[in-house]
Amino acid sequence: MTSLPFLAALAHGQPFPTHHPPVPSAGIASENGPGTLWVNPANLAYDPDFRYGLFMTQLPANEAIAGSLGPTSVGATVGLGGASLGLSNLLRPDGAGGAASDWTFGYATSIALPERIAVGLALNWTFADGDDPNYLAYDAGLSWRPLPWFGISGVAQNVGSPDPLGLAVPKSGAGVALRPFGRAAVLGVDYAHYFYAQPGVSGADEDHLSAVLRLRPFEGLYLRADTEALVDLDGITPLGVGVGLEVYLDGIGVMVHGGHDLVDVISETVMIGSDEPGESLIRDGHRVPTLELDQAPPYQRRTGLFAESGPTWLDVLERLRRSEDDDEVRGIAIELDGVGLSSARARELRERILAFEQAGKPVLVYLTGAPGNLDVYVASAASKVVLHPAADVDLTGISLELQHLRGLLDKVGVQPQYVKRAEYKSAPESFTETEPTPANLEMTNALVDDLFAELVRGIAQGRNVDETEVRGWIDAGPHDADHALEIGLVDELAYPDEVERQLAELHGEQVHPEDLLEQPQPHSPWEDPQQIAIVYVEGGIVSGRSSPGGLFSGRTTGSDSVVKALARARQDHQIRAVVLRVDSPGGSSFASDEIWRAVERVQEKGKPVVVSMGGVAASGGYYVSAGADAIWAEPNTITGSIGVFSGKFATRELQERLGVNTVSVTRGRNADLFSGTRPWDDVQRAKMQSLVDHTYEQFKSRVADGRHLTPEEVERVARGRVWSGEDAKEVKLVDELGGMQDAIADARKRAGIPARRKVGLVEVTGSGDLLASLAPALQTSVDDGPRPFRDLVRSVARGVVASPDASQEDLRALASLLGPTDVLWLPMTHPEVDVWALDPVLMQVEDGE
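Residues numbered from 1 in each chain as written. Predicted model: local features only at pLDDT ≥ 70, side-chain atom pairs only at ≥ 80, totals over all residues. Heavy atoms only, no water.

On a plain count of helices and strands, the protein chain comes out with 19 helices and 37 strands. Burial statistics for the protein chain: of 849 residues in total, 54% are counted as buried. Sequence separation of 24 or more characterises 65% of the internal contacts of the protein chain that already satisfy a separation of 6 or more. In the structure as shown, the protein chain presents an accessible area of about 35,300 Å², 54% of it carried by carbon and sulfur atoms. (Helix = DSSP H or I, 4+ residues; strand = E, 2+ residues; numbered from the N terminus. Buried < 20%, exposed > 50% of the residue type's maximum accessible area, 1.4 Å probe, protein only. Contact = heavy atoms within 4.5 Å. Areas by Shrake-Rupley, 256 points an atom, 1.4 Å probe, with all protein chains shown as cover.)

So, in structure tokens, the structure goes:
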């Protein structure tokens, strides 16, 4: 509450006590509005929302100061997160009956520390009018909000008394804030000491005690009040009171505040700005959020020069969930345009649509482009499915092709050398066999059966038809728009400009569409310290640091990055549980074990770890999940693949055909074990098999311990077999069927967080930071100085073979040369490549290997 010290200063004939504008009814520990940089800069770190404000304050003339003109203050601020800028003007009496106009430019920054502690610093450059000297002043603040209803802060303003005229008086203060009813009421109590006794300035120091109150009777309306008293040896002397009113419409607010002291000195303040994003006193009861998806939102945000900002997949799901709970939302409209969702993510989106429908909020899905199986699967859950008149519906079923290169390798003289455990571990078969093995066909058919059954079942339930009819639609596909309408696959045909009319017909009245992703999502500056950390394992699992991928390679998850993220979650007292989102086909066994151990250490700290499986969590993806307290998967998740393989390609015959003579000089029986030239002999093959067997047994032991199964039970479901999420639940590899938000709810319950209490979701990055907006920088190029490609590769069929000493940077460079179906063959002869592979698709370029 800065306006009353102005009044007190006038009444007592003292200089102005500060260099920046008054912010009425603002407490040192409680303020979080646009004027925070002028009250306590430390509090900026608690509010990540964008904010701005314009403050105008008029103080009347007072006989205690020469001249008849009252001070007038105008200030403007803009800020985002822990940074804020301010510009203000103070029109003050000059002591000769005139006015002096001082300008102040301020910059404040705040840093959030662990345990909800924040420190802040504000610099204020004041340019005084006329011959008065300019000066630089700074404020420092410290805040701590250990609980969502309690905070304590301290601040020092105008430190060091830099104002040569003594007009800006140093001040120190401390405050306590209480929120007994959450957002409904915030109470602040402050104690402040004003250092009026300065060289060359008459006056004595003063101690002030003040209280501020901000009430929120309902959304969009706030009431402010404050009172202040002078504390001295004579006791407590009241100085004044103030009251104010704030009204918000669509996030823009207007505040009017009046201050009154005991001698009828009045201050009037008007503020226009944004303090509560999205708040509105008057709500539109006909709102229908719209969601347009033309690509799958990423799990993690990318940053960098060419990175595109946008919502993550969890952002989309959470915004949909919040809209379900919003009484002002009538329904939702979703446009799908070649999204390319995985089967598991399609299921998650479909579940959100069903939640809307169950809440009595009808959903319209608009299909455009060339909607395929999963687009129809998602849309079928909606009340109304509308199709672009020129679109074809590619509902054709599921096809999976198994390609085998053994015949080609034999022709060019390349010998695939692989060992594996066990018969269902089919990844090497692409190179070792000319056709699928019976075990592979058995497993693949069972998987396709499950995926197809889920597709048919979902569409049949959504369109309210028999499953036999849906199979008929699939067998007759693709469908043109007219035929899709005729058979009942869609409800209407419409162009994009006609969708709003379709919405009106669905709801029986005119509605107001609004972009779901553009709606403000306010974050409470009093965030509950009980948090659930989200850690991602996405793409191939490798040793070292995670990589976001580039133009020709996908994201990879580095064990070092995940271990660091889990360590931060383990050490942070605010984090009560961890949700590990796994969407990975696997990778390095060593890296997978490192992540497994990091999960175990989190649990040793008493924090539950719940796994949410995405489209695929197989092999190494299952390895890192096995030790979790609970595993959630969608029915169409691809998981399991508990098995190991290792191998290389021997190119001696090819080299001979090309006139290349390679001479090996070795010491040690198995020194050339990983040679890319010579095939294994019987002793070497047996040695490799024994090592693979050891890794396989270790893998199974991790599963047995984590899933509480006997070794015999694990062996029956292992052997490299891939399972659908539905079947995995039956064989006890998965606990529950559901999506990411189900896993979050489970983690909350296991952490003992009451259902009525809000909980924060924080994404922990590979650097261990809790900044959800940060992720490893986008890799736009490879190392500037890779070796000449002619020294690295030898062309073989439609792919390349890396030389034994190729580094990871070299491999990325090579991968950038390949097409989507080309193969990068990796001889296991250098330390950059792990020998033991848990990845069923290790050789696919799109997985970044």
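Still more ground to cover, so stick around.
Here the focus is the pairing of strand β4 (residues 99–113). Relative to strand β5 (residues 117–127), β4 runs antiparallel, the two being bridged by 11 bridges. Along β5, the bridge assignment pairs Ala108 with Ala122. (Pairing = 2+ DSSP bridges.)

On to the sheet that holds strand β23 (residues 512–515). Overall, parallel pairing links the six strands, which are arranged β22-β18-β17-β16-β15-β23 in an open sheet. What marks the edges here is a single partner per strand, and that holds for β22 (492–493) and β23.

The next thing to look at is the side chain of Lys700. Relative to the assigned elements, Lys700 resides in helix α15 (residues 682–707). Judged by relative accessible area, which is 11%, Lys700 ranks as buried. Apart from residues no more than four positions distant in its own chain, Lys700 is found in contact with Ile642, Val714, Glu715 and Ala718.

On to helix α12 (residues 589–604), then. Over its 16 residues, α12 runs 23 Å from end to end, which matches the ideal 22 Å to within 8%, given 1.5 Å per residue. Taken together, the buried positions of α12 are occupied by Ser589, Ala591, Ser592, Asp593, Ile595, Trp596, Ala598, Val599 and Val602. Here the buried face of α12 lies against β25 (540–542), α11 (559–571), β27 (575–584), β28 (609–618), α13 (620–623) and α15. Where α12 begins, the side chain of Ser588 points an oxygen toward the backbone nitrogen of Phe590, at a separation of 3.2 Å. (Expected span 1.5 Å × (residues − 1). Polar contact = N/O pair within 3.5 Å; in protein donor to acceptor, adjacent residues only side chain to side chain.)

Turning our eyes to something else, we now look at the packing of helix α7 (residues 438–463) against helix α8 (residues 467–476). Axis separation between α7 and α8 bottoms out at 9 Å; the angle between their running directions is 115°. Here α8 runs roughly perpendicular to α7, going by the angle between their axes. Relative to α8, α7 is oriented so that their crossing is right-handed. Counted together, Phe452, Leu455, Val456, Arg457, Ile459, Ala460 and Arg463 of α7 and Glu467, Val470, Arg471, Trp473 and Ile474 of α8 form the full contact between these two elements. Here the contact of α7 with α8 is built from residues that sort into eight nonpolar, no polar and four charged. (Axes fitted to C-alpha atoms, helices over the stretch in contact; angles between N-to-C directions. Parallel < 35°, antiparallel > 145°, perpendicular 65-115°, else oblique. Left-handed = near helix turned anticlockwise from the far one by under 90°. Nonpolar A, V, L, I, M, F, W, Y, C, P; charged D, E, K, R; others polar.)

Moving on, we come to the environment of Leu314. With respect to the helices and strands, the residue Leu314 is situated in helix α2 (residues 313–325). Owing to a relative accessible area of 5%, Leu314 belongs among the buried residues under this scheme. Separated by 427 residues in the primary sequence, Leu314 and Gln741 place their C-alpha atoms 8.4 Å from one another. Beyond its immediate chain neighbours, meaning those up to four positions away, Leu314 contacts Ile534, Tyr536, Met740, Ile744 and Leu761.

Applying the stated rule across the entire model yields 11 aromatic pairs. Each ring, one from Phe50 and one from Tyr52, has its centre 5.9 Å from the other, and the planes form 40°; the classification is tilted. An angle of 40° between the planes, with centres 4.7 Å apart, marks the rings of Tyr623 and Phe699 as tilted. Placement of the pair is Tyr623 in helix α13 and Phe699 in helix α15, with a sequence separation of 76 residues. (Phe/Tyr/Trp six-rings, centres within 6.5 Å; stacked < 30°, edge-to-face > 60°.)

This brings us to the pattern of salt bridges. One pass over the full model with this rule turns up 39 salt bridges. Residue Arg216 pairs with Glu279 through a salt bridge whose shortest N-O separation is 2.8 Å. You can see Arg216 sitting in strand β10 (residues 206–218) and its partner Glu279 sitting in the loop between β14 (266–274) and β15 (287–293), a full 63 residues away along the chain. Take Glu279: its relative accessible area is 3%, and that puts it in the buried class. Its salt-bridge partner being Asp735, residue Arg707 comes within 2.9 Å of it at the nearest N-O pair. Of the two residues, Arg707 sits in helix α15 while Asp735 sits in the loop between α17 (725–730) and β33 (736–737), which places them 28 residues apart along the sequence. Using a relative accessible area of 28% as the deciding quantity, one classes Asp735 as partly exposed. Here the residues in one salt-bridge network are Arg347, Glu351, Glu454, Arg457, Glu634 and Glu726, joined through shared partners. (Salt bridge = Lys/Arg side-chain N within 4 Å of Asp/Glu carboxyl O.)

The next thing to look at is unusual backbone geometry. Trans peptide bonds make up most of the peptide bonds, and negative phi angles are found at most residues other than glycine. Omega for the peptide link from Arg421 to Ala422 comes to 0°, which places this bond in the cis form. Within the fold, Ala422 resides in the loop between β20 (415–421) and α6 (429–432). The peptide bond linking Gly477 to Pro478 adopts the cis configuration, its omega dihedral lying at 0°. One can find Pro478 in the loop between α8 and β21 (479–480). Of note, the phi angle at Asn158 is positive, near 55°, even though the residue is not glycine. Its relative accessible area of 0% is what places Asn158 among the buried residues. Phi is positive for Arg719, close to 60°, though the residue is something other than glycine. When you line up the elements, Arg719 lands in the loop between α16 (711–717) and β32 (722–724).

Okay, the nonpolar core next. If you look at the biggest cluster of nonpolar residues, it comprises 58 residues, and the most contacted ones within it are Leu336, Leu349 and Val365. Ranked by the residues each element gives to this core, the list is headed by α2, at five residues. Every residue in contact with Leu349, bar those within four places of it in the chain, is listed here: Leu293, Trp313, Leu320, Ile334, Leu336, Leu341 and Val378. Of all hydrophobic cores here, the second largest spans 50 residues; its members include Ala569, Trp596, Val609 and Ala704. (Core = buried A, V, L, I, M, F, W, Y, C linked by side-chain atoms within 4.5 Å.)

On the secondary structure map, Ser153 appears in strand β7 (residues 150–157). A polar contact of 2.7 Å, which involves the side chain of Ser153, links it to the side chain of Ser143. Not counting chain neighbours up to four residues away, the residues in contact with Ser153 comprise Ile28, Ala29, Asn40, Asn43, Leu142, Ser143, Gly173, Ala174 and Gly175.

The next subject is the packing of α2 against helix α18 (residues 740–750). At a closest axis distance of 10 Å, the pairing of α2 and α18 adopts a crossing angle of 75°. When the axes of α2 and α18 are compared, the pair comes out roughly perpendicular. Contacts between α2 and α18 pair Leu314, Leu317, Glu318 and Arg321 from the former with Met740, Gln741 and Ile744 from the latter. Looking at the contact of α2 with α18, its residues break down into four nonpolar, one polar and two charged.

Now for the environment of Glu726. Locating Glu726 in the fold gives a position in helix α17. Judged by relative accessible area, Glu726 falls into the partly exposed class, the value being 28%. For the pair Glu726 and Glu634, spaced 92 residues apart in the sequence, the C-alpha separation amounts to 7.2 Å.

Averaged over all residues, the pLDDT of the protein chain is 84; the fraction at 70 or higher stands at 83%. The least confident element of the protein chain, judged by mean pLDDT, is strand β35 (residues 793–796) at 31; the most confident is strand β29 (residues 630–633) at 98. Per-residue pLDDT stays below 50 along residues 839–849; that stretch engages in 39 contacts with residues further than four places along the chain or on separate chains. (pLDDT = per-residue confidence, 0-100.)

With that settled, the discussion passes to a negative patch on the surface. A cluster of acidic side chains, namely Glu292, Asp294, Asp337, Asp515 and Glu518, defines a negative patch on the protein surface. With respect to the element layout, Glu292 can be found in strand β15. Residue Glu292 is classed as exposed on the basis of its relative accessible area, which comes to 58%. (Patch = residues over 30% accessible without salt bridge, like charges linked within 9 Å, V, L, I, M, F, W, Y side chains within 5 Å. Lys, Arg positive; Asp, Glu negative; His and termini not counted. Charge placed at Lys NZ, Arg CZ, Asp CG, Glu CD.)

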